[in-house]
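Spelled out, the chains give:
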Amino acid sequence: MEKFWETTALADMNEAQWESLCDGCGWCCVHMLEDDDGNLYQTDVACDLIDTCEGHCTQYESRFDLVPECNKVSLNLPEAFPTMPESCAYRRLYYKQPIPEWHPLLTGSKDAMHDGGHSVRGRIVHEREAGDLEDHVLAWTPVRFVE
Ligand code: SF4
């Protein structure tokens, strides 16, 4: 079977191909805290629309209406790629890296991703329940930037 992500550049993918790159890990729906120097720190506080068990958006089609600050992953927003999880297929392909071996496109399901601890399953709280974001920083180590 042809692996389209190995033969088609991100810029040339159709909508279905582009959407299928998302493994549904949910980490891009989890907030980061930014300090005065622009460093970003990962928290465990997620958008209220996320399914905390499965990691997907429960209002995917209307998410931009419901959450104006939500951004579509896009080549028009290249500044977002360095802050996405190192396992994210969009980020990896953007930096000419292979997608993870547990990716649903390779395994046929999300099981290996969840079982391997690569998704938000069991690791996040909704922002409506979280309180102060500073109390939810996972590590006071800035998110690693590639560039
Ligand atoms: S971080 Fe990447 S792979 Fe994970 S949910 Fe967001 S877009 Fe999809």
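Our subject is the structure listed above.
Our subject in this report is the structure included herewith.

**Considerations on the overall build of the chain**
Piece 1. On a plain count of helices and strands, the chain comes out with 7 helices and 3 strands.
Piece 2. Each helix and strand of the chain, placed in order from N terminus to C terminus, yields the pattern α-α-β-β-α-α-α-α-β-α.
Piece 3. The C-alpha atoms of the chain give 15 Å as radius of gyration, which agrees with the globular expectation for 147 residues (15 Å, within 12%).
Piece 4. Expressed along its principal axes, the backbone C-alpha trace of the chain runs to roughly 45 × 30 × 30 Å.
Piece 5. Out of the 147 residues belonging to the chain, those deemed buried represent 39%.
Piece 6. Intrachain contacts of the chain at a sequence separation of at least 6 include 58% that bridge at least 24 residues.
Piece 7. Distance between charge centroids for the chain: 7 Å, based on 11 positive and 28 negative side chains.

**Side note on the nonpolar core**
Piece 1. Residues W5, L10, M13, L21, Y90 and L93 are the most contacted members of the largest nonpolar core, which totals 14 residues.
Piece 2. Mapped by element, the contributors of at least two residues to this core are α1 (4-7) and α4 (89-94).
Piece 3. Top contributing element to this core by residue count: α4, with 3 residues.
Piece 4. If sequence neighbours within four positions are ignored, M13 has contacts with F4, W5, T8, W18, L21 and L93.
Piece 5. The next biggest cluster of nonpolar side chains, apart from the first, holds 9 residues, and it includes C25, W27, A46 and W102.

**Comments concerning the site of the ligand**
Piece 1. Taken together, C22, D23, C25, G26, C28, V73, M84, P85, C88 and Y90 form the complete shell of residues around the ligand.
Piece 2. Across the shell around the ligand, the residue classes break down as 8 nonpolar, 1 polar and 1 charged.

**A closer look at the sheet that holds strand β1 (residues 30-34)**
Piece 1. The sheet built from 3 strands is open, its strands ordered β1-β2-β3 with mixed pairing. Both edges of this open sheet fall to β1 and β3 (125-126), since each of them pairs with a single strand only.
Piece 2. One ladder, built from 2 bridges, connects strand β2 (residues 40-46) with β3; its direction is parallel. Within β3, the residue paired with A46 across the bridge is H126.

**A closer look at the pairing of β1**
Piece 1. One ladder, built from 4 bridges, connects β1 with β2; its direction is antiparallel. By the bridge assignment, V30 is partnered in β2 with A46.
Piece 2. The antiparallel pairing of β1 with β2 creates a hairpin that spans 5 residues between the two strands, and G38 there sits at a positive phi of about 85°.

**Regarding the pattern of salt bridges**
Piece 1. In total, this model carries 4 salt bridges according to the counting rule given.
Piece 2. Residue K72 pairs with E15 through a salt bridge whose shortest N-O separation is 3.5 Å. In this pair, K72 sits in the loop between α3 (63-66) and α4 while E15 sits in helix α2 (residues 15-20), placing the two residues 57 residues apart along the sequence.
Piece 3. Note that E54 is salt-bridged to R121, the shortest N-O span being 2.8 Å.

Procedures and definitions
Residues numbered from 1 in each chain as written. Predicted model: local features only at pLDDT ≥ 70, side-chain atom pairs only at ≥ 80, totals over all residues. Heavy atoms only, no water. Helix = DSSP H or I, 4+ residues; strand = E, 2+ residues; numbered from the N terminus. Rg over C-alpha atoms; globule rule 2.2 N^0.38 Å. Buried < 20%, exposed > 50% of the residue type's maximum accessible area, 1.4 Å probe, protein only. Contact = heavy atoms within 4.5 Å. Lys, Arg positive; Asp, Glu negative; His and termini not counted. Charge placed at Lys NZ, Arg CZ, Asp CG, Glu CD. Core = buried A, V, L, I, M, F, W, Y, C linked by side-chain atoms within 4.5 Å. Near = heavy atom within 4 Å. Nonpolar A, V, L, I, M, F, W, Y, C, P; charged D, E, K, R; others polar. Pairing = 2+ DSSP bridges. Salt bridge = Lys/Arg side-chain N within 4 Å of Asp/Glu carboxyl O.

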